[in-house]
Structures are given as structure tokens and as C-alpha cells.
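Secondary and tertiary structure notes
Take a look at the letters that make up each chain.
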Amino acid sequence: MSEQFLIPTYARQPIAFERGEGVWLYDQAGERYMDAVSGVAVCNLGHAHPAVTRALSEQAARLVHTSNLYRIPAQEALAERLCRLAGMEKVFFGNSGAEANEAAIKLARLHAHRRGIEHPVVLVMENSFHGRTLATLSATGNRKVKEGFAPLVEGFRTLPYNDLAAVDAAADDANVVAVLAEPIQGEGGVRVPDDGFLAGLRERCDRHGWLLMLDEIQTGNGRTGGYFACLEQGVQPDVLTTAKGLGNGFPIGACLVAGAATELFGPGSHGSTFGGSPLGCATALAVVDTLEREVVPTVTAKGERLRAALRERLADLPMVREVRGRGLIIGIQLDRDAGEVVARARQAGLLINVTAGSVVRLLPPLVIDDQELDFLADTLSRVLVEFARDSERP
Ligand SMILES: *Cc1c(COP(=O)(O)O)cnc(C)c1O
């Protein structure tokens, strides 16, 4: 095994997995690890879920790809299912989150030109993450993601997150045509905005004729306790993007539209060779069906149980500033760099992630059961107590 021929875009951990089942991953030596990352909010149904395996293998044996030159029944069925779930009208399918957001950004441009605005501006948020393509990294509110890639795509203006007054001040600019935001910022450190923030954005977008574009690539597909996070807040966007958990590991992304965003794309104005393939859509249909019927209704209670267990066990640790999140996207804010916690947890049989430097992020599969939740809380608390003892105060 050698990384010699890989472009080192990731600092990978020195471990490889051979097999997965539910919340567990098994390495090449047969050691078992609890996966509390889910491939970064992707395997929401856990590993090797029978309904997903069945859909994937049956469809693979029948028909993998035909292209969008022809009708694809599974694509039409998945689009209808997602629209009914989210209260949206139409869907475009791509293969990733970044592609879903690219579609959204192109829609904002079309919306602008329709209104006679030649140099449109999309309002985006500090600490946001929207992807690694040129347009989506230009929309991202994180310097490190943009570094070295100038000239960036123009037409984005960055505002502080969770700050409606800043949005009001930006409305003086007649070139603003849309707002792009995450309902909870995932990569940015599991930042949960105030309850009225999304509704406040909706209200401003209505008042000014802007598109409200919500990036639910990480928060969607049950992660926060509703199928989409915006629905829990009673907010209907004009554009909703999702990916990650939609295929449970099969690459698929979707850009859902409603209202003023519905009629902007037509034949020839956007496309994808692989997007919405029979294989991807048959798999995602099984994922959405299983999530909606069996799993999403359990997520809020599981999240509350896990946060309560963590708060109780970490109460005496001054290093822990806050345990926050909704459903099963949870951030533990430390007062110091948390990077070292990843290896310590792995050595204790637990896979976690650290984001924004000092935030331990938990994204366990949504199928996790109570006993497994307690194992997660116990193991992580033990690791954090030891880390607090061994590391220096900032
Ligand atoms: C992961 C992520 C993306 C990018 O998705 P890719 O599939 O990696 O292109 C965009 N937005 C958010 C909020 C994400 O979490």
C-alpha cells in the first residue's frame, strides 16, 4: 500500500477499512471501530444497509447508465419523491454537492438577467462551505479554501452568519439577487443560527425579489431530525441543494427549485452526463424511502439522548465550552485546538472528525441504536478527559 501516486489533497489517517456493517467499520486486521463520521454525513443509513445493497445490486445487474438523452423512470420517480418531501416543484440531478450548488449559482445568474441586472451579487456567509469548484469555492466563506485560486468567480458578497441586520444593510445594493446559506454550518463548526434566522432570510428574499437558496448538502436527508432542516423551521426556499446522504455513498446531488426559480433552466442551459443515472436514482430512491419511513422519525430523540449524555459526562471539564447541534449533527466546542482528539479517539475504537480547528464534530449514522449512542458518549468522554489532562490550556 502506498500513497506515492496520489496527489496529496488529503492528510489521510494511517488506517484503511475493509468492511462495514451498520455503525461499525472493520480495518484490515479485523479491528472494529464505531464510525461517528459516516463518511462525512454520507452513510446516514450506516454501512451495507440491506435495502441500499439490494437496490444498488439489482439495478446494476439490469441497467447502469443511458444518459439524459432519454427518459429515466427512476429519475422521474426520485424527483417526484423529493419534491413531495420538500414542497418543491422540480429537480436537476448532478453527482455531488458542488455540482448541486453550481446549478443554484447559475440559476441566480439567470434570475438576475431576467430582471435586467447585469452584474448580479449573491449574498453568502462567513464560515460557510459550498464546495471546491471555482464558483462554489468563491461562494465559500473560508480563506483557506480560496487560497491560491485567484482570480475567483465574481458576484459574491460575504456577510456575517446569523446576522439579519447585515442582510438588511446589504439590500441597499440593487445588484443583489439571491442569498445562499446553510441552515446549520457544518464545516464551519456546527454553527446553529437563532431560530428566526432562516425565516428572516425568507422574509427579506420575498421583500426584495431575491432567491432564497439553502445548501442542505450536509443538513439534509434526515441529519438534523427532519428530512430537510429548513422544513423543521417552516421555511420554504426557492432553491434547495442536497447531496451527501442522498445516495448513502453512491455519488448523487440534487438541486430542487420552486416558485421564481422553477422556469429558469430549459433544454441546453444546463446538463450532466452522469447526473440522474438509472443506478444512482434507483439507489437514492431506496435511501429516501428507508430514511423517510424508518429512520428520520427517530433522529431528534437520538440527538437529544446523545447531547444529554455528553453534557452530563463533560460537565466538569472546563475545556468544553459548549455541546451544540440538532438531531445527529453535533459539535463539541473546545477552548483549544482539537486536532489531536481524532487519533486518540481512533485508538479507543471511535472515528470522529474535527472541524474549524477546535470543534469535535459527530455525524454518526442515523440508524445508531441506544446502546451504541451510549458507547459513543462513554468512549468520547473518556478520550476528552484524558486529552484535557494531557494538553495545555491555550
Ligand atoms: C460537503 C458539502 C459541500 C460539497 O459537496 P461535495 O459533494 O464534496 O462537492 C457543499 N456544501 C456543504 C454544506 C457541504 O457540507
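Let us look at the structure shown here. Quick caveat: nothing in here was measured; it's all calculated off a predicted structure.

In this section: the site of the ligand. The environment of the ligand is made up of Ser96, Gly97, Ala98, Asn101, Phe129, His130, Gly131, Glu182, Asp215, Ile217, Gln218 and Lys244. Backbone polar atom of Ala98 to an oxygen atom of the ligand: 2.8 Å apart, as the coordinates give it. One of the side-chain nitrogen or oxygen atoms of Asp215 is found 2.7 Å away from a nitrogen atom of the ligand. Considering the ligand on its own, with 380 Å² of exposed area, one finds that the protein chains cover 81% of that surface. For the shell around the ligand, the element with the highest residue contribution is helix 4 (residues 97-114), accounting for 3 residues. Tallied by class, the residues present in the shell around the ligand amount to 3 nonpolar, 6 polar and 3 charged.

A sheet is described by the order of its strands in space; here 4 strands give the open sequence 11-12-15-14, paired in antiparallel fashion. Unpaired on one side and paired on the other, strand 11 (320-326) and strand 14 (353-355) mark the two borders of the sheet. Going from strand to strand, the sheet's axes swing by 25 degrees on average, the running direction of each strand aside. Pairing of strand 11 with strand 12 (residues 329-334), which is carried by 6 bridges, proceeds in the antiparallel orientation.

On to the nonpolar core, then. One broad rule of soluble globular proteins: the nonpolar side chains tend to lie buried together. Formed by 83 residues in total, the largest nonpolar core has its most connected members in Leu310, Ile332, Leu334, Val341 and Leu362. With 12 residues, the top contributor of residues to this core is helix 10 (residues 278-314). Ranked by size, the runner-up nonpolar core spans 22 residues in total, among them Ala104, Ile105, Ala178 and Leu264.

The terminal C-alpha atoms of helix 2 (residues 50-62) lie 18 Å apart, and with 13 residues this matches the ideal 18 Å at 1.5 Å per residue to within 8%. Taken together, the buried positions of helix 2 are occupied by Ala51, Val52, Ala55 and Gln59. Buried positions in helix 2, seen along its axis, are confined to an arc of 100 degrees and lie on one side of it. Within helix 2, the exposed residues directed more than 90 degrees away from the buried face are Pro50 and Ala61. On its buried side, helix 2 packs onto helix 10.

The next subject is the packing of helix 2 against helix 10. Contact pair helix 2 / helix 10: the axes reach a minimum separation of 9 Å and the direction vectors enclose 160 degrees. As the angle between them shows, helix 2 and helix 10 are arranged roughly antiparallel. Of the two elements, helix 2 crosses helix 10, and the hand of that crossing is right-handed. Two secondary-structure elements touch here, helix 2 through Ala51, Val52, Ala55, Leu56, Gln59 and Ala60 and helix 10 through Pro278, Leu279, Ala282, Thr283, Ala286, Val287 and Thr290. Its residues placed into classes, the contact of helix 2 with helix 10 shows 10 nonpolar, 3 polar and no charged.

With that out of the way, let us pick up the sheet that holds strand 10 (residues 253-257). The 7 strands are arranged 4-10-9-8-7-5-6 in an open sheet whose pairing can be described as mixed. Single-partner strands in this sheet number two, and they are strand 4 (90-94) and strand 6 (156-159). Taken over all neighbouring pairs, the strand axes of this sheet differ in orientation by 20 degrees on average, direction set aside. With respect to the sheet, helix 8 (residues 197-208) is in contact with strand 5 (121-125), strand 7 (176-181) and strand 8 (211-215), its orientation differing from that of strand 8 by roughly 150 degrees.

One pass over the structure, following the stated rule, counts 22 salt bridges. Arg19 serves as the salt-bridge partner of Glu21, at 3.8 Å between the closest nitrogen and oxygen. The partly exposed category is assigned to Glu21, whose relative accessible area is 47%. The salt bridge involving Asp374 is made with Arg305; its shortest N-O contact spans 2.9 Å. Within this pair, whereas Asp374 is found in helix 12 (residues 370-390), its partner Arg305 is found in helix 10, the two being separated by 69 residues in sequence.

Bringing the packing of aromatic side chains into the picture now. Under the counting rule described, the total for this entry stands at 4 aromatic pairs. On the basis of an interplanar angle of 70 degrees and a centroid distance of 5.3 Å, the ring pair of Tyr161 and Phe197 is categorised as edge-to-face. With Tyr161 in the loop between strand 6 and helix 7 (164-170) and Phe197 in helix 8, this pair connects stretches of sequence that are 36 residues apart. The exposure classification of Tyr161 matches that of Phe197, with both residues buried. Judged by centre distance (5.0 Å) and plane angle (75 degrees), the rings of Tyr227 and Phe228 are edge-to-face. Note that Arg19 overlies the ring of Tyr26, its terminal NZ or CZ placed 4.1 Å from the centroid.

Parameters and conventions
- Along each chain, the written sequence defines residue order, and numbers are assigned to residues from 1.
- With the structure being a predicted model, the display of local features is reserved for residues of pLDDT at least 70 and the display and counting of side-chain atom pairs for 80 or more, all residues being used for whole-chain, interface and lining totals.
- Side-chain calculation: all heavy atoms of the structure are included, whereas hydrogens and water are not.
- One heavy atom within 4 Å of a molecule or strand makes the whole residue count as near it.
- Counting of polar contacts relies on pairs of N or O atoms within 3.5 Å, with two restrictions inside protein: one atom must be capable of donating a hydrogen and the other of accepting it, and residues adjacent in sequence are counted only when both atoms are side-chain atoms.
- Only the protein chains shown count as cover for residues, with accessible areas throughout obtained via the Shrake-Rupley method and a probe of 1.4 Å.
- Helix and strand assignments come from DSSP, with helices taken as H or I runs of at least 4 residues and strands as E runs of at least 2, each series counted from the N terminus.
- Each residue is assigned to one of three groups, with Ala, Val, Leu, Ile, Met, Phe, Trp, Tyr, Cys and Pro labelled nonpolar, Asp, Glu, Lys and Arg labelled charged, and all others, Gly among them, labelled polar.
- A strand pair is defined by DSSP finding two or more bridges across the two strands.
- Lines fitted to the C-alpha atoms define the axes, with helices restricted to the stretch that makes contact. Angles between their N-to-C directions range from 0 to 180 degrees.
- Grouping buried Ala, Val, Leu, Ile, Met, Phe, Trp, Tyr and Cys residues that are joined through side-chain atoms within 4.5 Å yields what is termed a nonpolar core.
- Summary of the burial criterion: residues with accessible area below 20% of their type's maximum are buried, those above 50% are exposed, and those between are partly exposed, where the area comes from a 1.4 Å probe applied to protein chains only.
- Working rule for helices: expected span equals 1.5 Å times residues minus one.
- The arc in question is formed by the directions pointing from the helix axis toward the C-beta atoms.
- Contact between two residues is taken to exist if any of their heavy atoms lie within 4.5 Å; hydrogens are not considered.
- Convention used here: angles under 35 degrees read as roughly parallel, angles over 145 as roughly antiparallel, angles from 65 to 115 as roughly perpendicular, and any remaining angle as oblique.
- The handedness criterion is simple: a crossing whose near helix is rotated anticlockwise from the far helix by less than a right angle is left-handed, and one whose near helix is rotated clockwise is right-handed.
- By convention in these notes, a salt bridge is any Lys or Arg side-chain nitrogen within 4 Å of a carboxyl oxygen on Asp or Glu.
- The aromatic pairing rule takes the rings of Phe, Tyr and Trp, using the six-membered ring of Trp, and pairs them if the centres are within 6.5 Å, calling planes under 30 degrees apart stacked, those over 60 edge-to-face and the rest tilted.
- Whether a charge lies above a ring is judged from NZ of Lys or CZ of Arg, which has to be within 6 Å of the ring centre and within 35 degrees of the ring normal.

Purely geometric numbers; function is a separate question.
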